[in-house]
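# Secondary and tertiary structure notes
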Amino acid sequence: MAMSAVLAPIKPADKIWTVGAINGDLAALQAVHGKLRGKIAAGDRLVYLGNYWGDGTAEAVSGAINEVLLFRRYFLAKDGVDIADIAFLRGASEEMLSKLQQIQFAPNPGEVFDWMLSRGIAGTLRAYGFDPSHTQALMRQGAHAISQWTGLFGEAFRRQKGHASLLSDLKHAAYATDGSLIFVHAGLDGSRPLTGQTDTFWWGGSMFESITDRYYDCRRIVRGSAQGNVGLQEREFTLSIDGGAGRGGQLIAVAIGRDGKIVDRIES
């Protein structure tokens, strides 16, 4: 797949509403959407920065995905809103969810699964009816048993209406077509062009934090996920809006203007 196919172009607007990492926090997402309903209008744009799935209860994680799908439908139903006015980025949770469905091909599935567990995949498993500890034991049983499991997991995942299509529609990053703004999940390598990033979008948080110069002509790079519950971090060329949703903190959404500055803010 060409890199350009996984980048979402966003037309410039006076307000680009941007939602931080959700991490399966249904209550926080509903609170933000409730406030956003009274503010978002035709002519605005909407960008979600990833981690829709998370390490919450089965009901919260599955409910968060359904809530995202419902709000997409609500925004698109407004007169004058186009499908290109909304973008969903792939987060670390979604990267793991994709890899989980092919884990039988990993050279060491047990170790890969342990690593995923340490990064919150358990809530995603519970959301589709699977027990994390039972699955962890199964990952030591060989390729045939793991292949059977991934088949069962895939079936359970596809039974949830809209979940698989959301996952397949996710973009790696988004950018304003005038070059003024870039949106990423967690990281960006400032020494490489947008089309030259590898898995930095999900795992390159430290690279993002080291950005101190303008990136091409971009006024600001915005990310939704950071290590730790850091809240709103505004620097000259970057903006981080991870409020710790799903980890005891808040979900943050901001409206960003054409100059890269915050013009409105919502917290759960």
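Here the structure is a predicted model, which means the values were calculated and not measured.

### Observations concerning the overall build of the chain
- Regarding its fold elements, the chain presents 10 helices and 11 strands.
- Expected size for 268 residues packed as a compact globule is a radius of gyration near 18 Å; at 18 Å, the chain falls within 12% of this value.
- The principal-axis extent of the C-alpha atoms belonging to the chain is close to 55 × 40 × 35 Å.
- Within the span of the chain, comprising 268 residues, buried residues form 54% of the whole.
- Here the analysis covers contacts within the chain between residues at least 6 apart in sequence; of these, 67% occur between residues at least 24 apart.
- Split by element, the accessible area of the chain, about 11500 Å² in all, is 50% carbon and sulfur.
- Of the side-chain charges in the chain, 28 are positive and 28 negative, and the distance between the mean point of each set is 3 Å.

### Notes on the pairing of strand β11 (residues 262-267)
- With five bridges joining them, strand β10 (residues 252-256) and β11 adopt antiparallel strand pairing. Residue pairing across strands places Ala 255 opposite Asp 264, the latter belonging to β11.
- Count of turn residues in the β10/β11 antiparallel hairpin: five residues, of which Gly 260 carries a positive phi of about 85 degrees.

### With respect to the side chain of His 33
- Its location among the elements puts His 33 in helix α1 (residues 26-36).
- Those residues in contact with His 33 that lie beyond four places of it in its chain are Tyr 48, Glu 67, Val 68 and Phe 71.

### So, unusual backbone geometry
- At Asn 23, a residue that is not glycine, the phi angle is positive and equals roughly 55 degrees.
- Of note, Asn 23 is situated in the loop between β2 (16-19) and α1.
- Its relative accessible area of 9% is what places Asn 23 among the buried residues.
- Backbone geometry at Asn 51 places phi at a positive 55 degrees, although glycine is not the residue there.

### Description of the environment of Gly 154
- Inspection of the secondary structure puts Gly 154 in helix α7 (residues 143-159).
- Between the C-alpha atom of Gly 154 and that of Ala 164, which follows or precedes it by 10 residues, the distance is 9.1 Å.

### Describing α7
- For α7, built from 17 residues, the straight-helix expectation of 24 Å at 1.5 Å per residue is met to within 8% by its first-to-last C-alpha distance of 24 Å.
- Turning to α7, its buried residues number three or more, namely Ala 145, Ile 146, Trp 149, Thr 150, Phe 153, Gly 154, Ala 156 and Phe 157.
- Looking at the buried residues of α7, the elements they touch are α3 (92-100), α4 (109-118), α5 (122-127), α6 (132-138) and α8 (163-169).

### Concerning the pattern of salt bridges
- Counting across every chain of the model gives 13 salt bridges.
- For Lys 39, the salt bridge is made with Asp 264, and the minimal N-O distance between the two is 2.9 Å. Here Lys 39 is found in the loop between α1 and β3 (45-48), whereas its partner Asp 264 is found in strand β11, with 225 residues between them in sequence.
- Taking the relative accessible area as the measure of exposure, Lys 39 reaches 34% and is therefore partly exposed.

### Digging into the sheet that holds strand β7 (residues 220-223)
- With mixed pairing, six strands are arranged side by side in an open sheet as β1-β5-β6-β7-β9-β8. Single-partner strands in this sheet number two, and they are β1 (7-10) and β8 (231-234). Put simply, the sheet's adjacent strands are angled 15 degrees from each other on average, direction ignored.
- Bridge count between β8 and strand β9 (residues 238-242): four bridges; the pairing is antiparallel. Note on β9: the bridge partner recorded for Leu 232 is Ile 241.

### Quick word on the domain arrangement of the chain
- Looking at the chain, the domain boundaries give domain 1 (7-91 + 170-267) and domain 2 (96-159).
- Just the C-alpha atoms count here: the centres of domain 1 and domain 2 sit 27 Å apart.
- Every contact between the two is made by nine residues of domain 1 and, on the other side, 13 residues of domain 2.
- Buried area between domain 1 and domain 2, summed over both chains or domains, comes out near 830 Å², and the portion from carbon and sulfur atoms is 56%.
- Broken down residue by residue, the surface that domain 1 buries against domain 2 is led by Trp 53, Asp 55 and Trp 203, which jointly contribute 54%.
- The interface formed by domain 1 and domain 2 includes one salt bridge.
- The salt bridge partner of Asp 55 is Arg 126, with a shortest N-O separation of 3.1 Å.
- Our count for the domain 1 to domain 2 interface comes out at six residue pairs in polar contact (both at pLDDT 80 or more).
- Among the elements that take part in the side of domain 1 that touches domain 2, helix α2 (residues 58-76) stands out by supplying three residues, more than any other.

### Notes on the sheet that holds strand β4 (residues 86-88)
- In space, the five strands of this open sheet follow the order β4-β3-β2-β10-β11, with mixed pairing throughout. Looking at which strands have only one partner, the edges of the open sheet turn out to be β4 and β11. Neighbour to neighbour, the strand axes of the sheet diverge by 15 degrees on average, direction disregarded.
- Judged from the three bridges that link them, β3 and β4 form a sheet pairing that is parallel. Along β4, the bridge assignment pairs Leu 46 with Ile 86.
- Docked against the sheet, α2 engages β3 and β4, running at close to 165 degrees with respect to β4.

Reading guide: rules and limits
- Residues numbered from 1 in each chain as written.
- Predicted model: local features only at pLDDT ≥ 70, side-chain atom pairs only at ≥ 80, totals over all residues.
- Heavy atoms only, no water.
- Helix = DSSP H or I, 4+ residues; strand = E, 2+ residues; numbered from the N terminus.
- Rg over C-alpha atoms; globule rule 2.2 N^0.38 Å.
- Buried < 20%, exposed > 50% of the residue type's maximum accessible area, 1.4 Å probe, protein only.
- Contact = heavy atoms within 4.5 Å.
- Areas by Shrake-Rupley, 256 points an atom, 1.4 Å probe, with all protein chains shown as cover.
- Lys, Arg positive; Asp, Glu negative; His and termini not counted.
- Charge placed at Lys NZ, Arg CZ, Asp CG, Glu CD.
- Pairing = 2+ DSSP bridges.
- Expected span 1.5 Å × (residues − 1).
- Salt bridge = Lys/Arg side-chain N within 4 Å of Asp/Glu carboxyl O.
- Axes fitted to C-alpha atoms, helices over the stretch in contact; angles between N-to-C directions.
- Domains from an automatic or database assignment.
- Buried area = accessible area lost by both parts, 1.4 Å probe.
- Polar contact = N/O pair within 3.5 Å; in protein donor to acceptor, adjacent residues only side chain to side chain.

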